[in-house]
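# Architecture at a glance
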Amino acid sequence: HEGSDFWLTFGDNSNDYTDTPRKIFISSRFVTEGLVEIPGEGIQIPFSVVPGEVTTVDIDRTLRTYGNTLLVQSKGIHVTTEHNVVVYGLSRQADSTDGFLVLPTEVLGQNYSVMAYDKGQINLVATEDDTVVKLTPAVDVSFNYRDSSGRLWLTAGETHEMNLNQGESYSLDSTENSVIAMEIESNYPIAVFSGSECTNVPTAMLACDHLTEQMPSYEHWGLEYALVPFAMRANGDTVRILASVDN
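Structure report, in brief. Going along each chain's sequence as written, the residues are numbered from 1 onward. Per-residue local features of the predicted model are confined to residues with pLDDT of at least 70, and side-chain atom pairs are confined, for both listing and counting, to 80 or more; whole-chain, interface and lining totals are unaffected and use all residues. Each side-chain value is derived from all of the structure's non-hydrogen atoms; neither hydrogens nor water enter the calculation.

## With respect to the overall build of the protein
We apply this condition: Strands here mean DSSP runs of E at least two residues long; helices mean DSSP runs of H or I at least four residues long; both are numbered from the N terminus. Under the scheme applied here, a residue whose accessible area is under 20% of the maximum for its type counts as buried, over 50% as exposed, and between as partly exposed, the area being computed with a 1.4 Å probe on protein chains only. Should any heavy atoms of two residues lie within 4.5 Å, those residues are counted as being in contact.
Scanning the protein for helices and strands turns up zero helices and 16 strands. With the principal axes as the frame, the protein shows a C-alpha extent of 50 × 50 × 40 Å. Burial statistics for the protein: of 247 residues in total, 43% are counted as buried. Partitioning the contacts of the protein with sequence separation of at least 6, the portion at a separation of at least 24 is 75%.

## Some remarks on the state of the cysteines
The condition that has to hold: In plain terms, two cysteine sulfur atoms within 2.5 Å form what is called a disulfide here.
The full count for this structure, using the stated rule, is one disulfide. Through a disulfide, Cys198 is tied to Cys208; the S-S separation comes to 1.9 Å. Between Cys198 and Cys208, the S-S torsion sits near 100 degrees, and that sign places the bridge as right-handed. Of the two residues, Cys198 is situated in strand β15 (residues 183-199) and Cys208 in the loop between β15 and β16 (209-214); the sequence distance between them amounts to 10 residues. Judged by its relative accessible area of 31%, Cys208 falls in the partly exposed class.

## Thoughts on the side chain of Arg64
The following threshold applies: Definition of a polar contact: a pair of N or O atoms within 3.5 Å, with one able to donate and the other able to accept a hydrogen when the atoms are protein atoms, and with sequence-neighbouring residues admitted only if both atoms are side-chain atoms.
You can see Arg64 is positioned in the loop between β5 (55-59) and β6 (77-93). Exposure remark for Arg64: the relative accessible area of 6% places this residue in the buried category. At 2.7 Å, the side chain of Arg64 forms a polar contact with the side chain of Asp12.

## Some details on the pairing of strand β4 (residues 43-49)
This is how it is decided: At least two DSSP bridges between two strands are needed for those strands to be called paired.
Of the pairings in the sheet, the one linking strand β3 (residues 32-38) to β4 comprises seven bridges and is antiparallel in character. Each bridged residue has a counterpart across the sheet, and for Glu33 the counterpart in β4 is Ser48. Hairpin connection between β3 and β4: a loop of four residues separates the two successive antiparallel strands, and Gly42 in this loop has a positive phi of roughly 70 degrees.

## Some thoughts on the packing of aromatic side chains
Filter applied, for reference: What counts as a ring pair is set by centres within 6.5 Å for rings of Phe, Tyr and Trp (its six-membered ring), and what kind of pair is set by the plane angle: stacked under 30 degrees, edge-to-face over 60, tilted for all other angles.
A complete count under the given rule lists four aromatic pairs for this structure. Summarising the aromatic geometry, the rings of Phe25 and Tyr88 are spaced 6.5 Å apart at their centres and angled 25 degrees between planes, so their arrangement reads as stacked. One end of the pair, Phe25, is in strand β2 (residues 22-27); the other, Tyr88, is in strand β6, and 63 residues separate them in sequence. Relative accessible area serves as the criterion here: at 21%, Phe25 is assigned to the partly exposed category. Within the aromatic cluster, the residues linked to one another by ring pairs are Phe10, Phe100 and Phe193.

## Considerations on unusual backbone geometry
A positive phi angle, near 60 degrees, is found at Asp130, a position not held by glycine. Take Asp130: it is sitting in the loop between β9 (121-126) and β10 (131-136). A positive phi angle, near 55 degrees, is found at Asn247, a position not held by glycine.

## A word on the environment of Ala207
If you trace the backbone, Ala207 turns up in the loop between β15 and β16. Judged by its relative accessible area of 61%, Ala207 falls in the exposed class. Taking the C-alpha atoms as reference points, Ala207 and Glu185, separated by 22 residues in sequence, lie 34 Å from one another. Sequence-distant contacts of Ala207, defined by excluding residues within four places in its chain, comprise Thr199 and Asn200.

## Looking at the side chain of Lys75
Counted only if it meets this: The charged-residue count follows a simple rule in which Lys and Arg add positive charge and Asp and Glu add negative charge, with His and chain termini not counted at all. Each salt bridge in this description consists of a side-chain nitrogen of Lys or Arg and a carboxyl oxygen of Asp or Glu lying within 4 Å of one another.
The residue Lys75 is located in the loop between β5 and β6 in this model. Notably, Lys75 is buried but unbridged: the nearest opposite-charge side chain belongs to Glu41, and the N-O separation is 4.8 Å. A polar atom in the side chain of Lys75 sits 3.4 Å from the backbone oxygen of Thr62. Looking at Lys75, its side chain comes within polar contact range of the main-chain oxygen of Arg64, at 3.2 Å. Setting aside anything within four residues of it in sequence, one finds Lys75 in contact with Leu8, Thr9, Ile38, Glu41, Thr62, Leu63, Arg64, Thr65, Tyr66, Gly167 and Ser169.

In C-alpha cells:
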C-alpha cells in the first residue's frame, strides 16, 4: 500500500496521562520529501526519506481525537510526499501499545463495516469538505460522554449522522455492547480506524492493552486470507470473521 497522500488520526489510549508521543513511521524505495500536516491545528512538519531507512515523526499525544466528546474535532493528520511511501502509525503508551498500516487516500471508500474486540472504539477522518457520515449499529450500543454528564444511546438500526469538513475527525468509544458490524456510510471517502482504548484478550484477563487498525472499505474485502500465528501462544490465536452479506 504505497502512496503519496494519506489521512489518519490517533484515538484514546488507556495510559494517556503520560507524555509519550504518537509516532508516524515513513519509508520509501525512493529519495523523497514530504509534509505531515494537522490543518485544523496549524501544524506542519516537513520530513525527508531515503531508501533503506525509516523516518519517524512524533505527534504530541494531545493531538489525538478524544473519544466521546460528541464534538467534531480538528485532529485529522495529512501526510503528503513527492514520491510513493509506506506509512505506519504507532500509539505507544506505558504498558499499552499498538500500531497500524495507514492506507493511501486513493484506496479509501464510502462504505465500511467495523471490526473490533469486546466493546470497541471508532475514529473517523474526512478527506473532503461537506462530508456527511452516517453510523448505524448492528446492536444497541452506548457511549458515555467524556465529561460524565450523560451518555449517547444508539439502538440497533438507528442512524447517527454528522457533518465533517476536510481534516476534521470524530471518535466514539463504546461503554456498553459492541461496535462490531456497525455500518458507516459517507458521501465522500473517509478514513476509518477501529480498535479499543484498552481491552482484555481474552476478556477474563486482568491486564488490558490498546488495539487499533485502519478499516478497509467494502470494495477491498476478499475471499481468502493468510494468517501468521503468534509464537509461544499456548492456546492459539483468536480469529474474528465478519461477513458483508448473508449466507
